[in-house]
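Take a look at the letters that make up each chain.
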Amino acid sequence: QVQLVESGGGLVQAGGSLRLSCAASGRSCRSYAMGWFRQAPGKEREFAAAISGSGGATYYADSVKGRFTISRDNAKNTVYLQLNSLKAEDTAVYYCAASLSFLSMRAGAMTAGGYWGQGTQVIVSS
């Protein structure tokens, strides 16, 4: 079992920055690809960013590419998402996810045996 707890969300003005953290516990996440999904009000959950278990590969949705950066610290069992140049359309609940398949996660799918966090709210005011 893996438990994921997100933090770092909040209210920020357009153009501002936030750093989200996802702390994993229960077992080492080194073998898991980690990622961030988001769900805006009235919309389906969508993929935002993913990072491989080693941290050597990353992948981003076109909507966040160049503005968001995903990273991980396996020694701390923590994944981060740096959000820069925020826009009103980035307003959403951001969910951390762990999956045994990096390829599936970057395609926006979670395979069986994956885990979700409870989400952290990001509100960008224009």
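Just so it is clear, the structure is predicted and the values come from calculations on it, not from any experiment.

Caption draft 1: Highlighting the sheet that holds strand E3 (residues 18–25). Within the open sheet, the 4 strands sit side by side as E1-E3-E8-E7. Their pairing is antiparallel. Of all strands in the sheet, those bounded by a partner on one side alone are strand E1 (3–7) and strand E7 (68–73). Taking each pair of neighbouring strands and ignoring which way they run, the sheet shows an average axis angle of 15°. As paired elements, E7 and strand E8 (residues 78–83) share 6 bridges and run antiparallel to each other. Across the sheet, the residue bridging to Arg 72 is Val 79, located in E8.

Caption draft 2: Structural context of the side chain of Thr 120. Note on placement: Thr 120 falls in strand E11 (residues 120–125). Taking relative accessible area as the criterion, Thr 120 reaches 9% and is therefore assigned buried. Only 3.2 Å separates the side chain of Thr 120 from the backbone nitrogen of Gly 9, close enough to count as a polar contact. Sequence-distant contacts of Thr 120, that is, excluding residues within four places in its chain, are made with Glu 6, Ser 7, Gly 8, Gly 9, Leu 20, Ala 92, Val 93 and Tyr 94.

Caption draft 3: Up close: the nonpolar core. Of all hydrophobic cores here, the largest spans 36 residues; its most connected members are Leu 4, Met 34, Trp 36, Ile 70, Leu 81, Leu 83 and Tyr 94. Secondary structure elements with two or more residues in this core: E3, strand E4 (33–39), strand E5 (46–51), E7, E8, strand E9 (92–99), helix H1 (102–106) and E11. A per-element tally of this core places E9 first, with 5 residues. Setting aside anything within four residues of it in sequence, one finds Leu 81 in contact with Leu 18, Arg 19, Leu 20, Trp 36, Ala 49, Phe 68, Thr 69, Ile 70 and Tyr 94.

Caption draft 4: Structural context of the pairing of E7. Here E7 shows one buried face, formed by Phe 68, Ile 70 and Arg 72, and one open face, formed by Thr 69, Ser 71 and Asp 73. The hairpin turn running from E7 into E8, its antiparallel successor, is 4 residues long, and Asn 77 in that turn takes a positive phi close to 55°.

Caption draft 5: Structural detail: the state of the cysteines. Tallied over the full model, the rule gives 1 disulfide. Put simply, Cys 22 and Cys 96 are joined by a disulfide, and their sulfur atoms are 2.1 Å apart. Its torsion about the S-S bond being -80°, the disulfide of Cys 22 and Cys 96 is classed as left-handed. One end of the pair, Cys 22, is in strand E3; the other, Cys 96, is in strand E9, and 74 residues separate them in sequence. The class for Cys 22 is buried, based on a relative accessible area of 0%. Cys 22 supplies the cysteine sulfur nearest to Cys 29, a cysteine that is in no disulfide, at a spacing of 7.5 Å.

Caption draft 6: Seen up close, the pairing of E3. As defined by bridge partners, E1 adjoins E3 across 5 bridges and the pair is classed as antiparallel. When the sheet's bridge partners are listed, Val 5 is paired in E3 with Ala 23. Across 6 bridges, the pairing between E3 and E8 is antiparallel. Bridged to Leu 18 within E8 is Leu 83.

About the cut-offs
Residue positions are counted from 1 within each chain, in the order its sequence is given. Note on the predicted model: pLDDT of at least 70 is required for a residue's local features to be given, and 80 or more for side-chain atom pairs to be given and counted; whole-chain, interface and lining totals, by contrast, use all residues. Hydrogens and waters are ignored; side-chain quantities use all the structure's heavy atoms. Strands qualify as paired when DSSP identifies two bridges or more between them. By the criteria applied, helices consist of DSSP H or I runs no shorter than four residues and strands consist of E runs no shorter than two, each listed in order from the N terminus. With axes taken as lines fitted to C-alpha atoms, and helix axes fitted only over the stretch in contact, angles between N-to-C directions fall between 0 and 180 degrees. Think of it in three bands: residues with accessible area under 20% of the maximum for their type are buried, residues over 50% are exposed, and the middle band is partly exposed, with areas taken using a 1.4 Å probe on protein chains only. A 3.5 Å cut-off defines polar contacts: any pair of N or O atoms within that distance qualifies, except that in protein one atom must be a possible hydrogen donor and the other a possible acceptor, and neighbouring residues in sequence count only when both atoms are side-chain atoms. Only heavy atoms enter the contact rule, under which two residues are in contact if any of them lie within 4.5 Å. To form a nonpolar core, buried Ala, Val, Leu, Ile, Met, Phe, Trp, Tyr and Cys residues must be joined to one another through side-chain atoms within 4.5 Å. What counts as a disulfide here is a pair of cysteine sulfur atoms lying within 2.5 Å.

Treat this as a map of the structure, not an account of what it does.
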